[in-house]
Amino acid sequence: MRTLLAVSLLLSVVCCVPAYAGTVDRCQSYSQEVRKAHAYYFGIDFPWHYSVAQLQQESRCRDVISRDGIGSQGAAQITYKWWRKPLIKAGIPEVSTRKNHLRAQAYINWDAWGQSPRKLWVSYQIYNGGRLVLKEIKRAGKLDHAAARAECRRKIIRFNNGQTISACDINYEYPERIAKYAESYRLIEDPARFQFW
């Protein structure tokens with residue numbers, strides 16, 4: 001029995017760790033380009049580890065076309081048809097090359113930062129689910145993730161298989177996951193002007 005338990009434990013380590021490690025390694029390969037793209041918009045002190053974590057959350061750092069029905073693409077899952085005009089104006093004519101894709105991610109994050117009350121959790125939520133988070137913060141009466149979440153009244157998404165998920169859960173779990181994943185890429189402490197929470 002003890003041998004069976006040891007074999008099961010060994011198999012779980014062998015089977016599970018490499019999948020996560022592969023994602024982290026793949027995402028790590030984006031680090032320098034993400035850092036450079038975000039430094040262009042935010043300055044060199046931007047805590048870029050969150051934006052690498054964002055790629056992990058969006059696509060596990062894979063260059064994929066989403067099945068979301070709206071054409072989100074690439075590691076950052078950018079919907080070019082929505083962002084085409086501002087991206088072209090910013091000198092980013094397409095998002096199919098890795099360099100331009102990461103420049104577009106940085107630009108969209110910078111745009112969201114400009115709309116936020118200067119907390120990264122808010123700007124990442126704007127990136128993911130739009131400006132509704134700002135209304136939820138206003139209803140909460142304070143800049144607090146849990147308080148804003150308590151004010152969330154978004155739709156319930158129903159899938160073809162009958163399962164459902166709250167759009168509130170999707171959007172409020174987004175920065176939580178980014179904060180968690182970012183620890184795998186962190187090299188610096190967050191500067192005072194770029195606080196996450």
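Below is a summary of the structure that appears in this document. (Residues numbered from 1 in each chain as written. Predicted model: local features only at pLDDT ≥ 70, side-chain atom pairs only at ≥ 80, totals over all residues. Heavy atoms only, no water.)

A word on the overall build of the protein
Then, number 1: Looking only at helices and strands, the protein features nine helices and four strands.
Then, number 2: Counted from the first residue to the last, the protein has its helices and strands arranged as α-α-α-β-β-α-α-α-α-α-β-β-α.
Then, number 3: Counting across all 197 residues of the protein, residues that qualify as buried make up 40%.
Then, number 4: The contacts of the protein with a sequence gap of at least 6 include a subset with a gap of at least 24, amounting to 52%.
Then, number 5: Accessible surface, the protein as shown: approximately 11400 Å² in total, 56% of it carbon and sulfur. (Helix = DSSP H or I, 4+ residues; strand = E, 2+ residues; numbered from the N terminus. Buried < 20%, exposed > 50% of the residue type's maximum accessible area, 1.4 Å probe, protein only. Contact = heavy atoms within 4.5 Å. Areas by Shrake-Rupley, 256 points an atom, 1.4 Å probe, with all protein chains shown as cover.)

Details of the state of the cysteines
A covalent bond between the sulfur atoms of two cysteines is what we call a disulfide.
Then, number 1: Evaluated as defined, the whole model comprises two disulfides.
Then, number 2: Should the bonded cysteines of the protein be numbered as they appear in the sequence, the pairing reads 1-2, 3-4. (Disulfide = S-S within 2.5 Å.)

Digging into the packing of aromatic side chains
Then, number 1: Per the counting criterion, the structure on display carries 13 aromatic pairs.
Then, number 2: Grouping aromatic residues by their ring pairs yields a cluster made of Tyr40, Tyr41, Trp83, Tyr107 and Trp110. (Phe/Tyr/Trp six-rings, centres within 6.5 Å; stacked < 30°, edge-to-face > 60°.)

Comments concerning the nonpolar core
Then, number 1: Judged by nonpolar contacts, the single largest core of 48 residues is most densely connected at Leu55, Leu120, Trp121, Tyr124 and Phe196.
Then, number 2: Those elements that provide at least two residues to this core are α1 (2-28), α2 (31-42), α3 (49-59), α4 (80-89), α5 (98-115), α6 (120-129), α7 (132-140) and α9 (167-182).
Then, number 3: If sequence neighbours within four positions are ignored, Trp121 has contacts with Val133, Ile137, Leu143, Asp144, His145, Ala148, Tyr172, Pro175, Phe196 and Trp197. (Core = buried A, V, L, I, M, F, W, Y, C linked by side-chain atoms within 4.5 Å.)

Structural notes on the side chain of His49
Then, number 1: Residue position: His49 is located in helix α3.
Then, number 2: Relative accessible area serves as the criterion here: at 0%, His49 is assigned to the buried category.
Then, number 3: Engagement of the side chain of His49 in a polar contact is seen with the side chain of Asp190, the distance being 3.1 Å.
Then, number 4: If we ignore the near neighbours within four places in the chain, the residues touching His49 are Ala182, Tyr185, Arg186, Leu187, Ile188 and Asp190. (Polar contact = N/O pair within 3.5 Å; in protein donor to acceptor, adjacent residues only side chain to side chain.)

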